[in-house]
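Overview (structure and organization)
Here are the chains, one letter per residue:
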Amino acid sequence: MFLKQLTVGPIREHPYLLIDEKEKKAVLIDAGGGVEEIVEELAENQAKLIFILFTHAHPDHIAFSGLLKEKTGAKVGFHQEDIAQYKKDWSLIINQYLPGLKLNLAEPDFYVEDGQLIEVGEIELKVIHTPGHSEGSVCYFEPDRKWLFSGDTLFAQGRLGRTDLEGSDPQKMSTSVAKLLRLPPETKIYPGHGLESTIKEEIFYHK
């Protein structure tokens, strides 16, 4: 399986492109930018993007879902608890904290649920509902390779996503992080921003 991490936008968000090179199918986790690079990567691998999945519906993670859906025909999915965030007027926040970001959103095609297994060719992603940063925050766990796409729930070096935002909750965040830290220690963490880590390393920081 091919995995490409991008770094995009004013606060350096990470979309992740997973491609099953055998069946030529792909999944994108978060859609904050990098549209041309994603489309080029799909073309180089002769792969079709099947799903665009969000870890949560804050603007830096969803901004280009409409354009990507238009260019690829992929279906868009996220947790239903974040529908209010997805439909929110973010103009004030964007003007203050995300200068130059323009939203181009697609209507959601489906909603993901805790424990759901999303399968695209040889790509398997287990949905883990991790409220705290937002009500509908989720992480995606690839069990065979032990990859965790943690969005803005769990970052490297003991850092967590913000819990002072509308729809966030510090107590729920603590519960969600405890759930993630029970994953296999060798699990590699691919966060929504910043450096990669492992569950083993983060257990040390969260003792």
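No experiment lies behind these values; they were computed from the predicted model shown.

So, how was this worked out
The numbers attached to residues start from 1 for each chain and follow its sequence in the written order. Whole-chain, interface and lining totals are the exception, using all residues; otherwise, since this is a predicted model, local features are given only for residues with pLDDT of at least 70 and side-chain atom pairs are given and counted only at 80 or more. Only hydrogens and water are set aside; all other atoms, that is, all heavy atoms of the structure, feed into the side-chain values. Classification of residues uses two cut-offs on accessible area relative to the type maximum, computed with a 1.4 Å probe and protein chains only: under 20% is buried, over 50% is exposed, and between them is partly exposed. The way it works is that DSSP assigns letters per residue, a run of H or I at least four long becomes a helix, a run of E at least two long becomes a strand, and they are numbered from the N terminus. Working definition: the arc comes from the directions between the helix axis and the C-beta atoms, pointing outward to the latter. Contact between two residues is taken to exist if any of their heavy atoms lie within 4.5 Å; hydrogens are not considered. The salt bridge definition used is simple: a Lys or Arg side-chain nitrogen within 4 Å of an Asp or Glu carboxyl oxygen. Each pair of strands is called paired provided DSSP finds at least two bridges between the two strands. Each axis is a line fitted through C-alpha atoms, and for a helix only the stretch in contact is used; angles between axes span 0 to 180 degrees, taken between their N-to-C directions.

Describing helix H3 (residues 65-72)
- For H3, the complete set of buried residues consists of Ser65, Gly66, Leu68 and Thr72. Projected onto a plane normal to the axis of H3, the buried residues spread over an arc of 165° and lie on a single side. For H3, exposure combined with an orientation more than 90 degrees from the buried face picks out Glu70 and Lys71.
- On its buried side, H3 packs onto strand E3 (25-29), helix H1 (35-44), strand E4 (48-53), helix H2 (59-62) and helix H4 (83-86).
- Looking one or two places after H3, you find glycine 73, whose phi comes out positive at around 80°.

Notes on the pattern of salt bridges
- This structure, assessed with the given rule, holds 10 salt bridges.
- Linking lysine 25 and glutamate 23 is a salt bridge whose minimum nitrogen-to-oxygen distance equals 3.8 Å.
- By relative accessible area, lysine 25 is classed as partly exposed at 33%.
- If you follow the salt bridges from partner to partner, you end up with Lys4, Glu37 and Glu41 in one network.

Here we look at the sheet that holds strand E6 (residues 110-112)
- The sheet built from six strands is open, its strands ordered E1-E2-E3-E4-E5-E6 with mixed pairing. Edge positions in the sheet fall to strand E1 (2-5) and E6, since each of these pairs with one other strand and no more. Averaged over all pairs of adjacent strands, the angle between their axes in this sheet comes to 25°, without regard to strand direction.
- Both strand E2 (residues 16-20) and E3 contribute to a ladder of five bridges, which runs antiparallel. If you follow leucine 18 over to E3, its bridge partner there is valine 27.
- Lying over the sheet, H1 contacts E1, E2, E3 and E4, oriented at roughly 10° with respect to E2.
- Where H3 meets the sheet, its contacts fall on E3, E4 and strand E5 (75-79), and the angle it forms with E4 comes to roughly 160°.

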